[in-house]
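Coordinate inspection notes
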Amino acid sequence: MSDKKPVFKPNKEFAKNANIKNMCEYHDLQDKAMEDYEGFWGDFAKEKIDWIEPFDKVLDESKAPFVKWFDGGKLNVSSQCIDRHLDTRKNKAAIIFEGDRGDVQTITYLDLYKHVNRFANLLKEDFNVKKGDRVVIYMPMIPEAAYAMLACARIGAIHSIVFGGFSSEALRDRIEDAEAKVVITADGAFRKEKPYMLKPVVDAALTGKTPVKKVVVVQRNHEDVEWVAGRDYSYNEMIEQKSSICEPEVMDAEDPLFLLYTSGSTGKPKGVQHNSAGYILWAQMTMEWVFDVKENDTYWCTADVGWITGHTYIVYGPLAMGATTVMFEGVITFPDAGRPWSMVENHRINQFYTAPTAIRVLHKMGENEPAKYDMSSLKVLGTVGEPIDPPAWKWYYEEVGQSKCAIVDTYWQTETGGHVVSPLPGATPIKPGCATFPLPGIMAEILDPATGEKVEVGEKGYMCITKPWPAQIRGVWGDEERYVKSYFGDVKKDGKPVYFTGDGAVYDEEGYITITGRTDDVINVSGHRMGTAEVEAAIKKHDNVAEVAVVGKPHPIKGEGIFAYIVLKSDDGIADEVEEVKAINSIIKKEIGNIALCDEMVFTPGLPKTRSGKIMRRILRAIAKGEEITQDISTLEDPSIVEKIAAMVK
Ligand code: WTA
């Protein structure tokens, strides 16, 4: 397969002052990592982290895949993000918050220090939160979400953020799995100038037996909400009385920092665990390398703090490096699709980071909007979450970036903690839709799962990382075996299990990496990972559903949409298909949330299964896409079903 993608060289002016200025510098760094892996990481760890006590050992692989980085080292991640900047940056904006209705708040590093310490004292003194306790954060995009994260880090509590779009059932599952004792939430927030509510979802999640003893409620929209006496407390009323001094807890390099639940190909979402030193080191280094943020820059990532992108690239990474990070409460297309560009103009944003799905929406709804604003401050544009398609890339490059900004197509995952394959804006000649090369220090390779050898040019293989890296997942909360099985079970290199991302990828003639998408049953809806098993489990809760199979189908805006094949127990429901669809969608909404609603449902008489009962999803994916069925279907229990289903989908 020859790849004739056009190549765009880095902007020369930009490259002059970039942290990594050319490919020679990139190769020097990568060579150094290959020659002396521990030396490479050890030097950066010493340079970048404000250690309370130095580490003794860079990497301990003796119990691989359970690894330890910087063992013996002591630090506090909140100090790394705040305290160490106070001497030089106390009056610098740490967070610029823009509310849905255009309200702006600038929070300096000194302000942040006080807010976080007060919040930390509140958690410690009033709710008895101690090192190692789990705290669930269910928050809108307001600065208090960042304060809450950093307050947990300050006292050594492990936060687990649940995205505000998840339902009460999904929230309950995550609370229970982590055995959280405190939930931090808000009454609600604003979306499209209207208040919406979050607290009722928390109330519903805490009915019955729950490990949660206390709920802290930030009052953002001041709507009436229920208060449970002895359980619910107002942040706004309590916070002012708290001291703005809170000694940071001395944490081991490998003490857990947070959990973040994400979907896998089977079973319930897993609590991906990240630990302190390795995670914060890589969050900071990738901010410096990939976004090339300079002292006076203003950086904006449009993600939600409920996802890993929000963790690493709204809060931890930017603050660890002492940058100014923009936080946005609202919807990027409100009041119109020029909103992000008006924000670029107003805040003079230098780096802008978003997802392809957002770019497609902005392109579709506001093709000519960028031209209406002063976009000259922009230097680096980023994308994340899914492969970016050529039309979206072109518009982003030409109209948003005015053909002078590098687009960093950052490939990474919840489990990798930070970017792993990405262009460097001052060095890498970029190609549309291409994540390019592994970052220095990351031994990412596309391997053939059968042989463990690197694949040939143009041959599809498995995207793997063959050496541990500091920000890698440390475990699946409460399930050691699942950690090993999920990530180290599929590919071996030189007989040794290596980390497999779950994604397929391909090299072109020049060694550029293009990610081709998941190889497992995970769907990527608007850049969000959705396990087909989870959606299926929700649909099965409907009384009249006998069987269901969910697959992804290409979608012009979302990247992938959710397509469900449903076999009903009785045919009665089919007479009223509309009602059935409604009922099923309302179950999905209750069990998971709106983000998992099906784009299409077909009620079929059966599903294509092998004689051993395995559903052949590959066939269902092909039917959903309207492709010819080329696979051998003779091994199916009932080959005729394929034709029947295909006829219904057409
Ligand atoms: C996909 C998001 C292509 C991939 C940070 C991965 C991408 C999953 C890219 C992780 C990219 C992420 N190009 N695909 N630049 N970035 N992905 O855990 O399938 O929500 O495994 O982390 O998104 O999703 P997650």
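Computed from a prediction, not measured in an experiment: that's the story for all the values here.

**Let's talk about the sheet that holds strand 23 (residues 475–476)**
- An order of 12-11-8-6-7-14-15-23 is seen for the 8 strands of this open sheet, with the pairing classed as mixed. Only two strands of the sheet have a single partner each, and these edge strands are strand 12 (232–234) and strand 23.
- Judged from the 4 bridges that link them, strand 6 (residues 134–138) and strand 7 (residues 158–161) form a sheet pairing that is parallel. Residue pairing in the sheet places Val-135 in a bridge with His-159 of strand 7.
- Across the sheet, helix 6 (residues 109–127) lies against strand 8 (182–186), strand 11 (214–218) and strand 12, angled at about 150 degrees from strand 11, the strand it touches most.

**Examining the domain arrangement of the chain**
- Taken domain by domain, the chain holds domain 1 (36–331) and domain 2 (522–649).
- In this complex, domain 1 contributes 15 residues to the contact, which on the side of domain 2 involves 14 residues.
- Roughly 1100 Å² of surface becomes buried between domain 1 and domain 2 when both sides are summed, with 53% attributable to carbon and sulfur atoms.
- It is Glu-169, Ser-263 and Trp-307 in domain 1 that bury the most area against domain 2; as a group they hold 40% of the surface buried on that side.
- Applying the counting criterion to the domain 1 and domain 2 interface returns 0 salt bridges.

**Comments concerning the packing of helix 7 (residues 143–155) against helix 12 (residues 308–320)**
- Helix 12 packs onto helix 7 with a crossing angle of 60 degrees between their chain directions and a minimal axis gap of 11 Å. Classified by the angle their axes make, helix 7 and helix 12 are oblique. In this structure, helix 7 meets helix 12 at a crossing whose hand is right-handed. Contacts between helix 7 and helix 12 involve Ala-146, Met-149, Leu-150 and Ala-153 on the former and, on the latter, His-311, Val-315, Tyr-316 and Leu-319.
- For the contact of helix 7 with helix 12, the class distribution of residues is 7 nonpolar, 1 polar and no charged.

**Section: the nonpolar core**
- Of all hydrophobic cores here, the largest spans 128 residues; its most connected members are Phe-70, Leu-112, Leu-123 and Tyr-316.
- In this structure, Leu-123 is in contact with Asn-128, Val-129, Ala-151, Cys-152, Ile-155, Val-182, Ile-184 and Val-216, ignoring residues within four places of it in sequence.
- Listed in part, the 38 residues of the second largest apolar core include Phe-166, Leu-171, Val-202 and Ile-566.

**Concerning the pattern of salt bridges**
- Evaluated as defined, the whole model comprises 46 salt bridges.
- Note that Lys-242 is salt-bridged to Glu-125, the shortest N-O span being 3.1 Å. With Lys-242 in the loop between helix 10 (235–239) and strand 13 (251–252) and Glu-125 in helix 6, this pair connects stretches of sequence that are 117 residues apart.
- On the basis of relative accessibility, which here comes to 51%, the residue Glu-125 falls in the exposed class.
- Asp-297 is the salt-bridge partner of Lys-379, the closest N and O atoms lying 3.0 Å from each other. One end of the pair, Lys-379, is in the loop between helix 14 (356–365) and strand 19 (380–384); the other, Asp-297, is in the loop between helix 11 (276–291) and strand 16 (298–301), and 82 residues separate them in sequence.
- With a relative accessible area of 25%, Lys-379 lands in the partly exposed category.
- Residue classification places Asp-297 among the buried residues on the basis of a relative accessible area of 7%.
- Salt bridges here are not isolated pairs; linked through shared partners, they connect Lys-199, Asp-203, Arg-231 and Asp-232.

**So, helix 15 (residues 390–400)**
- The complete set of buried residues in helix 15 reads Ala-392, Trp-393, Trp-395, Tyr-396, Tyr-397 and Val-400.
- Residues of helix 15 that are buried sit in contact with helix 13 (339–347), strand 18 (351–354), helix 14, strand 19 and strand 20 (406–410).
- At the exit of helix 15 stands Gln-402, carrying a positive phi of roughly 50 degrees.

**What to know about the site of the ligand**
- In the vicinity of the ligand lie 17 residues, with Asp-409, Thr-410, Thr-414, Asp-503 and Arg-529 positioned nearest.
- Contact distances for the ligand include 3.0 Å between an oxygen atom and a side-chain N or O atom of Gln-413.
- Contacts to the ligand include Arg-529, whose side-chain N or O atom sits 2.7 Å from an oxygen atom.
- Surface burial for the ligand is 96%, taken as the share of its 530 Å² of free accessible area covered by protein chains.
- Elements represented by at least two residues in the shell around the ligand include exactly helix 12, strand 20 and strand 27 (513–518).
- In the shell around the ligand, the residues fall into 6 nonpolar, 6 polar and 5 charged.

**With respect to the environment of Phe-44**
- As for its placement among the helices and strands, Phe-44 is situated in helix 3 (residues 37–48).
- Taking relative accessible area as the criterion, Phe-44 reaches 14% and is therefore assigned buried.
- For the pair Phe-44 and Met-285, spaced 241 residues apart in sequence, the C-alpha to C-alpha distance is 8.5 Å.
- The residues touching Phe-44, leaving out its near neighbours within four places in the chain, are Leu-29, Ile-49, Leu-281, Met-285 and Trp-289.

**Digging into the layout of surface pockets**
- Taken as a whole, the second largest pocket spans an internal volume of roughly 450 Å³.
- Together, 23 residues line the second largest pocket, and Ser-265, Lys-485, Ser-486, Asp-490 and Asp-520 are the ones closest to its centre.
- For the lining of the second largest pocket, the secondary-structure elements that each account for two or more residues are helix 16 (480–488) and strand 26 (499–507).
- Of the residues in the lining of the second largest pocket, the class split is 4 nonpolar, 10 polar and 9 charged.

**Observations concerning the pairing of strand 20**
- Counted residue by residue, strand 20 has 5 buried out of 5 residues, so it is predominantly covered.
- A two-sided burial pattern is seen for strand 20, the buried positions comprising Ala-406, Val-408 and Thr-410 on one face and Ile-407 and Asp-409 on the other.
- Where strand 19 meets strand 20, 5 bridges bridge the pair, whose relative direction is parallel. Looking across to strand 20, one finds that Gly-382 is bridged to Val-408.

The rules we used
- Residues numbered from 1 in each chain as written.
- Predicted model: local features only at pLDDT ≥ 70, side-chain atom pairs only at ≥ 80, totals over all residues.
- Heavy atoms only, no water.
- Pairing = 2+ DSSP bridges.
- Helix = DSSP H or I, 4+ residues; strand = E, 2+ residues; numbered from the N terminus.
- Contact = heavy atoms within 4.5 Å.
- Axes fitted to C-alpha atoms, helices over the stretch in contact; angles between N-to-C directions.
- Domains from an automatic or database assignment.
- Buried area = accessible area lost by both parts, 1.4 Å probe.
- Salt bridge = Lys/Arg side-chain N within 4 Å of Asp/Glu carboxyl O.
- Parallel < 35°, antiparallel > 145°, perpendicular 65-115°, else oblique.
- Left-handed = near helix turned anticlockwise from the far one by under 90°.
- Nonpolar A, V, L, I, M, F, W, Y, C, P; charged D, E, K, R; others polar.
- Core = buried A, V, L, I, M, F, W, Y, C linked by side-chain atoms within 4.5 Å.
- Buried < 20%, exposed > 50% of the residue type's maximum accessible area, 1.4 Å probe, protein only.
- Near = heavy atom within 4 Å.
- Polar contact = N/O pair within 3.5 Å; in protein donor to acceptor, adjacent residues only side chain to side chain.
- Areas by Shrake-Rupley, 256 points an atom, 1.4 Å probe, with all protein chains shown as cover.
- 1 Å grid on protein atoms, 1.4 Å probe; cavity = no way out; pocket = protein on both sides within 12 Å on 5 of 7 lines; lining within 4 Å.
- Points joined across faces, edges and corners; volume = space filled by probe spheres on them.

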